[in-house]
Amino acid sequence: MNHPRSGGTESPGRLISHFLTRDQTDTGEQNAGWSELWDSDQSDLWDRGKPSPALVDFVEQKLNQVLPHRTNGQSVKVLVPGCGRGYDVVMLALHGMDAYGLEVSQTAVSAANTYAEAQLAHPSAANFSGSAPRPPKAPINRGKVKFVEGDFFMSDWMIDCLDEGEISEGFDLIYDYTFLCAIPPSLRSNWARRMKELLSPTGILICLEFPLWKELDAVGPPYGLNGVYWNLLAEGGDGVLHDSESTGAKQMDQGQGPFERVLYYKPERSYDQGRGTDMVSVWKLS
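Residues numbered from 1 in each chain as written. Predicted model: local features only at pLDDT ≥ 70, side-chain atom pairs only at ≥ 80, totals over all residues. Heavy atoms only, no water.

Trainee: Where do I start with the overall build of the protein in this structure?
Mentor: Counting its regular elements, the protein contains 9 helices and 7 strands. Evaluated residue by residue, the protein yields a buried proportion of 50% over its 286 residues. Considering only intrachain contacts with a sequence separation of at least 6, the fraction spanning at least 24 residues in the protein is 67%. Surface exposure of the protein reaches about 13100 Å², of which carbon and sulfur atoms provide 49%. (Helix = DSSP H or I, 4+ residues; strand = E, 2+ residues; numbered from the N terminus. Buried < 20%, exposed > 50% of the residue type's maximum accessible area, 1.4 Å probe, protein only. Contact = heavy atoms within 4.5 Å. Areas by Shrake-Rupley, 256 points an atom, 1.4 Å probe, with all protein chains shown as cover.)

Trainee: Is there a simple way to explain the sheet that holds strand β3 (residues 145-149) in this structure?
Mentor: Hydrogen bonds along the backbone pair up the strands of a sheet, which may run parallel or antiparallel. With respect to topology, 7 strands assemble into an open sheet ordered β3-β2-β1-β4-β5-β7-β6, the strand pairing being mixed. Two strands bound the open sheet, and with one partner strand each, they are β3 and β6 (259-265). The mean angle between the axes of side-by-side strands here comes to 20°, regardless of whether they run parallel or antiparallel. (Pairing = 2+ DSSP bridges. Axes fitted to C-alpha atoms, helices over the stretch in contact; angles between N-to-C directions.)

Trainee: Just to check I follow, could you spell out the environment of W191 for this structure?
Mentor: Mapped onto the secondary structure, W191 falls in helix α8 (residues 188-198). W191 sits 48 residues away from G239 along the chain, and the two C-alpha atoms are 9.7 Å apart. Those residues in contact with W191 that sit more than four places away from it in its chain are F152, F153, D176, F179, L180, I183, L205, Y229, L232 and L233.

Below you can see the structure in the form of structure tokens.
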């Protein structure tokens, strides 16, 4: 099996080493790898410890510009695939949305439920922008929180995201951060296909693009994503790019992809792991 080069002379870390010999075309084997890390208490390899500052700021400052549901009183249904301990799921619910977190591991789901129970009762200041702490009591208009175990590339878990008698019309908002970067390049086109299937006709896909500093041919996870979101969503490509390609120049004209980019900006706040290169892109169906 061929693998991308590691880049530089550094030895691969624990996360890369864990996936180095796994089949990059087999979603089941990839899922099992992440479940093993959860079961062996190694989530510290990717855990950020708080909701995304960039997403918090987007929700409070820009969401109403791109999601009309927020202005007409309708409930907003949100999905965070690969949600980890559920930091972003809880934050979104505290802002009034019905938020669903998807994970491949039951251990992860249990950890997320424990975190949510504590945060919904006494939200931390990290769930909101600004330095002023919020009252130690959940807002009365908070939305629903539910964590679901399942494979993003399958559909069986969707039933757990529906109320009794509800017909699925897709999610109004889907958030991707360290999900696409965890997927081997050969599976990226399936990620784009599923995003199109899961999003409602008027919904938005929000991507905190990371890591943009990492070489495209370097081994992962996380895999470098410079230009990959644009190739997948705007151009309808397979997302398999290489360092020899001029990814930046390609983000000028809308291609034939399933999505149209409606916002693209550098967030004022993001995680330190982004090394100051993170970008926020917001997409709607073409």
